[in-house]
Each structure stands twice: as C-alpha cells, then as structure tokens.
Amino acid sequence: MAYAHTFKANPHWLPRNPAQSLAHIPGDDGLPIVGNSLRLLSDPVKFGREMFERFGPVYRNRALGSTSVTLLGPDANELVLFDRDRLFSSEQGWGPLLNLLFPRGLMLMDFDKHRADRKTLSVAFKPEPMRHYATQLDAGIAARIGEWSGSLRFYDAIKKLTLDLAATSFLGVSLGAEADRINRAFVDEVQASVAPIRSPLPGTMMRRGVKARAYLIDWFEREIPARRRDARGGNGEDFFSQFCRATDEDGQELPAAAIADHMNFLMMAAHDTITSSATTLVMLLARNPEWQQRLREEIAGLDWQLPLTEQLDRLILTDYAFREALRLMPPVPSLPRRALRDFSFGGFDIPAGTAVGIGVTWTHRMPDIWSDPLRFDPMRFTPDASRGRHRFAWVPYGGGAHMCLGLHFAQMQMKLLIVHLLTRYRVEIEPGAGDAWQMFPIPRPKDGLPVRLIPA
C-alpha cells in the first residue's frame, strides 16, 4: 500500500537521491533505521549545536525517515524562505512529515496553487472580519481569565482557552461536549507528525494521528452544507463560514474537501502555536518580574473609556516582549523544504531532490546577531536596536510566500491575553518551573508550567 506521505503515492515529487549524492556534505547518518531521530527529538537545541560544532553551518543528517541537509544562519533563511528563484518545494519538504495528517494545507502547497488558495483564504483576515474576531476574543479571554485563581498549570489552562477561542473565531460555535475529543484529536495529529515510525501501523502514534484526522475531517465536512446555505445568505462571520462563501479567481467556491483540509490545518495552528507562544511569554514574564511590571504600567496607561480592541497598537512594550518570546522559543523550531533544482550554498553544491532544512531556533540564538542570546531582553526589538539586523535573522512566522497567514491574528490574541492577565494578576513561578521543554513538533513545557496567580 502506498501511503499518502510516500514517494510512490506522489509521482510528481522528485525521486529520492541515491545516498552517495550527498556523501560530499559533512554529517552524521546516525543509527540504522532511525538515524538521528531519537537524539534530535530528545534535545534538538543540543543536537543542532553539536552538529554545528562538528560540521559547520551546512551538514547532512538522517532523521524522521529521510536524509536532509541543514543550512544555518540568516543567509540560509533568506535563500530558502524568500526563494526568489523558486528553487524549493514546501509541499515536498513537509509532505513526508504531514501528508497523512494535514494534506493540502497551505504549508503543503507550492507556487501558483499556493498563491491562489492563499488569496482565497485571505478574505477571512481582512480588516472587518479581524475587528469581529477581536471583539469575540476580548470577551472570551476576559471571561475565562476572570475564572482563574490560585495555582494552575498554565499550559493546560491556556490550551483549553485557545481551543475555545479558536472554535468561536474559526467555527462560530461552542464545542461543548465534543471539546475534549476535538482537542485530543489535534494533540494526536500533532504528535504523530514527529513519530519515529512514519507509517500508520497498528498501535503506533501515526495510526492514532490518522484516525484523529479522519474524525476531524468528518466533523468539518458534515458542517459544510449548512454553512454554505447560511454563507450565501450573508450570515456567519467566523473563518469557517467565510471559507464556505469564498470564491477563487474564476468565481468558483472551494471544494468541500479543500475547505475541510484547510480548516483542519488552521484550527491546529490557531490554538497549538499560540498556546506554545503564550506559555513561553508568561514564563519569561514570571522569571523577569521587572518586565511584568513594565507591561502592567503600559497597560494602565490605556484609555479605559475606549474599547480595548481599538488600542492594541499602543502596546509597544508588550509587542517587544512577545517578539522576544518568539525569538527564544519559536513555535516552529525548524522548516523543511526540498530542492527542485541543483543549487550551491556555503561552498557546497547540493543536488536537486535534496531535503533541505533551516534552523529557526538556531538563528534566533546566534551570538553574533543577538548579544547574550539566552537573556530575555525585549528592547532588542526597538527601532534603534533592530537597525542593520539581517531581515531573516528573526523568522518565527517563516517568510516569503509562505509567511504565516495568521500572524496578525496571533499578535492581536496575545496582546488581549496579556492585558487581561496582568490587569488581574501578578504571575509567579517556582525556581525550575518550565526548565524542561519538549521542543518538537510544537514546544511545550514538560511540567505544564505551574504558576501562581496573585491578585494584582
């Protein structure tokens, strides 16, 4: 059987290169069968540092079912992400990892097809819908945070909140009794994306992920006919309803299967990545109480006679703090592509068909770009401090044609969260809390980040 993530099932993909085609690239193929998968997954930051120290900024690695070449640094990010010469396929980079779970999502599309679907979906991110989402997010965040108190595991609490917010903004419904099952399905999909066993064999993480996808796709497809009836009448301001009424450049609606695939991917991205980033920022603010106080003072300077949603651009320091959190813990630590033609980088000739990866976390911690790189310092992002910095030195949202479509949604949601949290509470954590993280596929603290919320 040819599974959807395999080359046999995708004859339009370039064939795998023979092993000797990358023999001239320095690197380490690791153990038989699993390669370096276990080392990479257990501590990717340490693994990347060790590979760089042994082999330099261009190295060969075998993990998660394929041999790839990693390119490190902002010049590599610009080459691969900006991709002015259309050298790199995002579909063929992500496909072996995600085709069984999130096929035909925007990340798994290239060039003209990607541009067309992105343009169609962008209707949901225009100013008027964004104002609607902001109002809903503001109310939802205020209500939920008002229920928090005392000690809690922040990651668990914010994950439940962001799923509920995603349901409201993306689906226009409360998930109700199905919320736990839907959340479990997204968790299973995401965890399966980095499963060492890449085929959905019985008892594997990948099998659980594939079953979760089937459940979610069925849920979306059952909803589409009613959404289309409502959408044609102009009802429904949520993402899902807008996708159902969106048309392409020829005036045609998106097929139901395409809508379900896009919703499956966007719902995951909308709550898993913001859960990770919010947890990182709150952890850093708790460890740096002077910054927590600075943000509280900035928030206190807002005009409370005006709607909060109309004042988010005034939260400059909050924006810097969020950027710094994304630098220290980007929600997508690395980005894969596949070379469609031969190219050269760092003194090496790399053949067409090569799986290529860039290190987002690595670039965000390069000491020649970021002084004292592990220190939390939001002032790195002032205009003066940013002047002259390579434009691809900070890439938590990716870049180029595949820049995250929902980045402004994420920034809006984060500012609303921080305003309501710091207005009500002072956040404290014990020493050592949040020290250990599972980095792939999306970073999360292994201890759930226990925090204490003290009334402000």
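Residues numbered from 1 in each chain as written. Predicted model: local features only at pLDDT ≥ 70, side-chain atom pairs only at ≥ 80, totals over all residues. Heavy atoms only, no water.

Draft legend 1. How the structure looks around unusual backbone geometry. F440 connects to P441 through a cis peptide bond whose omega is 0°. Mapping P441 onto the fold places it in the loop between β11 (437–438) and β12 (444–445). Phi is positive for I33, which is not a glycine, with a value near 70°. Positive phi outside glycine occurs at R104, with the angle close to 65°. Within the secondary structure, R104 sits in the loop between α4 (90–98) and α5 (111–121). (Helix = DSSP H or I, 4+ residues; strand = E, 2+ residues; numbered from the N terminus.)

Draft legend 2. Summary view of the environment of H364. With respect to the helices and strands, H364 occurs in the loop between α14 (360–363) and α15 (383–386). Take H364: its relative accessible area is 0%, and that puts it in the buried class. The spacing of H364 and F240 is 124 residues in sequence and 34 Å in space, taken between C-alpha atoms. H364 has contacts with L326, R327, P330, W370, A393, W394, V395 and P396, leaving out every residue within four places of it along the chain. (Buried < 20%, exposed > 50% of the residue type's maximum accessible area, 1.4 Å probe, protein only. Contact = heavy atoms within 4.5 Å.)

Draft legend 3. Just the side chain of Q242, in detail. Along the polypeptide, Q242 turns up in helix α10 (residues 239–245). A residue is classified by how much of its surface remains accessible, and Q242, at 6% relative accessible area, is buried. Setting aside anything within four residues of it in sequence, one finds Q242 in contact with V123, A124, P129, Y133, G236 and E237.

Draft legend 4. A look at the packing of aromatic side chains. Per the stated rule, a full pass over the model turns up 16 aromatic pairs. Following the ring pairs from residue to residue traces out a cluster consisting of F125, Y133, F239, F243 and F409. A cation over a ring is seen here: R181 above Y215, with NZ or CZ 3.9 Å from the ring centre. Of note, R389 hangs over the ring of F381, and the distance from its end group to the ring centre comes to 5.6 Å. (Phe/Tyr/Trp six-rings, centres within 6.5 Å; stacked < 30°, edge-to-face > 60°. Lys NZ or Arg CZ within 6 Å of the ring centre and 35° of its normal.)

Draft legend 5. Looking closely at empty space enclosed by the protein. Counted by the stated rule, this structure contains one cavity of 30 Å³ or more. Approximately 40 Å³ is the volume attributed to the largest cavity. Taken together, I141, I158, L161, T162, L165, I274, A278, Q413 and L417 make up the lining of the largest cavity. Elements supplying a minimum of two residues to the lining of the largest cavity: α7 (154–171), α11 (256–287) and α16 (407–424). Here the element with the most residues in the lining of the largest cavity is α7; it accounts for four residues. (1 Å grid on protein atoms, 1.4 Å probe; cavity = no way out; pocket = protein on both sides within 12 Å on 5 of 7 lines; lining within 4 Å. Points joined across faces, edges and corners; volume = space filled by probe spheres on them.)

Draft legend 6. Representation of the pairing of strand β9 (residues 355–359) within the structure. Of all the five residues making up β9, five are buried; the element is thus mostly covered by neighbouring parts of the structure. Across the two faces of β9 the burial is the same, with A355, G357 and G359 and V356 and I358 all buried. Examined bridge by bridge, strand β3 (residues 66–71) and β9 share four bridges and lie parallel to one another. Of the residues in β9, the one forming a bridge with L71 is I358. Judged from the five bridges that link them, strand β6 (residues 334–339) and β9 form a sheet pairing that is antiparallel. The residue of β9 that forms the bridge with L335 is I358. (Pairing = 2+ DSSP bridges.)

Draft legend 7. Summary view of the packing of α11 against helix α13 (residues 316–328). The geometry of α11 relative to α13 is characterised by a closest axis approach of 9 Å and an angle of 110° between their N-to-C directions. The orientation of α11 relative to α13 falls into the category roughly perpendicular. Facing S277, T280, L281 and L284 of α11, the residues of α13 in contact are A321, F322, A325, L326 and L328. For the contact of α11 with α13, the class distribution of residues is seven nonpolar, two polar and no charged. (Axes fitted to C-alpha atoms, helices over the stretch in contact; angles between N-to-C directions. Parallel < 35°, antiparallel > 145°, perpendicular 65-115°, else oblique. Nonpolar A, V, L, I, M, F, W, Y, C, P; charged D, E, K, R; others polar.)

Draft legend 8. The arrangement of the pattern of salt bridges in detail. Counted under the stated rule, the structure contains 32 salt bridges. Here R452 makes a salt bridge to E428, at a shortest N to O gap of 3.0 Å. Within this pair, whereas R452 is found in strand β13 (residues 450–455), its partner E428 is found in strand β10 (residues 425–428), the two being separated by 24 residues in sequence. Relative accessible area serves as the criterion here: at 24%, E428 is assigned to the partly exposed category. Here the residues in one salt-bridge network are D28, R39, E50 and R54, joined through shared partners. (Salt bridge = Lys/Arg side-chain N within 4 Å of Asp/Glu carboxyl O.)

Draft legend 9. Local environment of the sheet that holds strand β4 (residues 88–89). Pairing is mixed in the open sheet, where six strands are placed in the order β1-β2-β3-β9-β6-β4. Here the strands that pair on one side only, and so sit at the sheet edges, are β1 (27–28) and β4. By the bridge criterion, two bridges tie β1 to strand β2 (residues 58–63) in an arrangement that is parallel. Among the inter-strand pairings, D28 is bridged to a residue of β2, identified as N61. Against the sheet, helix α2 (residues 44–55) makes contact with β1 and β2, and its axis sits at roughly 135° relative to β2, the strand it touches most. Sitting on the sheet, helix α3 (residues 74–82) touches β3, β4, β6 and β9, and the angle it makes with β9 is about 130°.

Draft legend 10. How the structure looks around the nonpolar core. If you look at the biggest cluster of nonpolar residues, it comprises 129 residues, and the most contacted ones within it are L71, W148 and F154. Apart from the residues lying within four places of it in its own chain, the contact partners of F154 are W148, A278, T279, V282, L421, G448, L449 and V451. By size, the runner-up hydrophobic cluster in this structure holds nine residues, among which are L40, F47, F55 and F440. (Core = buried A, V, L, I, M, F, W, Y, C linked by side-chain atoms within 4.5 Å.)

Draft legend 11. Molecular detail of the sheet that holds β10. Pairing is antiparallel in the open sheet, where three strands are placed in the order β5-β13-β10. Looking at strand neighbours, the two that pair on one side only are β5 (150–153) and β10, the edges of this open sheet. Here the average twist between neighbouring strands, direction ignored, is 30°. Of the strand pairs in this sheet, β5 and β13 are connected by four bridges, and their pairing is antiparallel. By the bridge assignment, L152 is partnered in β13 with V451. Sitting on the sheet, α7 is in contact with β5 and β13, with an inclination near 75° to β5.

Keep in mind these values describe shape, not function.
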